[in-house]
Every structure is written in C-alpha cells, then in structure tokens.
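Listed below, chain by chain, are the residues.
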Amino acid sequence: MANNSSIEWTEATWNPVVGCTIISPGCTNCYAMRMARRLEAMGQPKYAGTTRMSGGRPKWNGVVRIDEDSLLLPMNWKVGRMIFVNSMSDLFHEDVPLEFINRVFATMRKTPQHTYQILTKRAERLEELSPKLAWPQNVWMGVSVENENYMFRIDHLRRTQAAIKFLSLEPLLGPLDNLDLIGIDWVIAGGESGPHARPVEPGWIRSIRDQCFDSGVAFHFKQWGGVNKKKTGRILDGRTWDDFPAGVVV
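Attention in this report is confined to the structure presented alongside it. (Residues numbered from 1 in each chain as written. Predicted model: local features only at pLDDT ≥ 70, side-chain atom pairs only at ≥ 80, totals over all residues. Heavy atoms only, no water.)

1. With respect to unusual backbone geometry
The line we're drawing: Three exposure classes are used, based on accessible area relative to the maximum for each residue type with a 1.4 Å probe and protein chains only: buried under 20%, partly exposed in between, and exposed over 50%. Every helix listed is a DSSP run of H or I at least four residues long, and every strand listed is a run of E at least two residues long, numbered separately from the N terminus.
Cis peptide bonds are those with omega within 30 degrees of zero, and the linkage from Glu 170 to Pro 171 qualifies with -5°. With phi around 60°, Asn 86 is a residue other than glycine that occupies positive phi space. Note on Asn 86: relative accessible area 1%, which makes it buried. We note that Asp 237 has phi near 50°; this positive angle belongs to a residue other than glycine. Within the element layout of this structure, Asp 237 appears in the segment after helix H6 (229-232). For Asp 237, a relative accessible area of 42% corresponds to the partly exposed category.

2. Concerning the environment of Ile 164
Stated precisely, the cut-off is as follows: Contact criterion: two residues are considered in contact whenever any of their non-hydrogen atoms come within 4.5 Å of each other.
For Ile 164, the position within the fold is in strand S10 (residues 164-169). Along the primary structure Ile 164 and Asn 138 are separated by 26 residues, whereas in three dimensions their C-alpha atoms are 8.4 Å apart. With near-sequence residues (within four places) excluded, Ile 164 lies in contact with Val 139, Trp 140, Met 141, Asp 185 and Pro 245.

3. Overview of the pattern of salt bridges
We count it as follows: Every case where a carboxyl oxygen of Asp or Glu lies within 4 Å of a side-chain nitrogen of Lys or Arg is listed as a salt bridge.
What the rule picks out here adds up to 16 salt bridges. Residue Arg 103 pairs with Glu 68 through a salt bridge whose shortest N-O separation is 2.7 Å. With Arg 103 in helix H2 (residues 98-109) and Glu 68 in the loop between strand S6 (65-66) and strand S7 (82-85), this pair connects stretches of sequence that are 35 residues apart. Judged by relative accessible area, which is 29%, Arg 103 ranks as partly exposed. Arg 206 is paired through a salt bridge with Asp 237; the nearest N and O atoms lie 2.8 Å apart. Remark: Asp 237 occurs in the segment after H6 and Arg 206 occurs in helix H5 (residues 202-215); sequence separation between them is 31 residues. Take Arg 206: its relative accessible area is 33%, and that puts it in the partly exposed class. Via salt bridges that share partners, Arg 206, Arg 209, Asp 210 and Asp 237 belong to a single interconnected network.

This is how it looks when you write it as structure tokens:
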C-alpha cells in the first residue's frame, strides 16, 4: 500500500492484485506497465514477470498475480483514507477469482473508516458479478471510458449495486458529447500523460464539464497531461475543478 498517492483524486493506493492485459486503446500507454517494470527492477518480487518489452516499451504479458500478503493491509490504517483499489491491475479481470474479489470486499466492509475507489474496464464482468458481492456504503465503483466506442461500459456500471458510481474519462482520446449521466455521481476527466502521450482537445473537456453541470454531477478535472504533466498543469478556464460526489467531505 502506498500512502500519499500522487493521483489527484485519491490519497492512497492498495494493490491486492497486480498484472493485467491490454483490452482497449486507453491501455496502450498505461503508467502501471512502466511502474511494474520499474518495481521489478528494484527487486520487488510481487511484480516479477508481469511485463515484457515490446518496441522498447514495457507491456503487460497477461500474468495476473494475487497478493495474499496485501489483503488485510487497510486494517493497519486507523485514520480514514481515500484509497484507490488496484492502481496496478483490474479487480474485475477475468483471471481474478470471484472468491478473492469477495475477500477484498470483506476487507473493505471491515474498515468503514476508509473510502475505497475501484476502477475497471471489464464492465461486463462487473455487472455479472455485482449481485454476488456485498456492497458496503464506503465503496465507490467506477468504469474507464476513453472514447465513444466504450460508452457502453457506463450502462453496465449503472446496473450494479454500488452506492456511489463514477466515471474515469481518462486518458480521454476523443469527444464524449452525448454522455448519459443518469445514476452517475462523479466524473473524472483528463488527458494522457507520460511518454508517447496522445493529445487531448480542450473542447472535449469543456463538453464533459458542461454535461456534468447540466446533470448535477460532480466534476473533477485531473490534468491536461502530455509528456510533462506538471508543466501543462490542471487549470481549466482559470481554475481547478476538484468536486467530489455530493455529501462527501474531503
């Protein structure tokens, strides 16, 4: 678990699963692939053998590893934190057994002082497994949508039993001008960052922000991105946009 996460919309990360596979364009330049390669080189066995080199860049190789030693880590933190679950994987990956997902949920239920944020691109499996999971109020469930070809993920999310539902429109790779935000509590938008980052258009971000305003949905602008995201920053129309779901105090 990492405290003091650099991710703008969370405070810590917790990775009971590591490793993944590429399934859509938003995965192409995933920072977690680079990070996993770096952690393996630093001698962390948890990440060993989860990536391969392709075209001079680390890519997931399909190895998905459950980390039993990490399963109960949130219980060691008595002060409540906002925790991003599986920043280095996808909890709803097809190779993660339902039995283990239930154990992750059990840990989250036993630590109500924390708020857990889960993101998946496997929205179909999320909906399929949702009735088999006991959803506590402190779990926020989100799906990633990078362009209009993957807006169907929102419908799968909408049909889950999660108390708070959110969208991560990052890396935003195209316009999303016709979002259906019924039942959605929070939207994060941002451009891609790091080597080989693909550009984001300001109009795409403004459209999302305005749709959130019209629908009464909290809007969070994460970053413009690019090769140097610190240089491009996260100012949109003269200010930052850091809203969280209604009723949430951060």
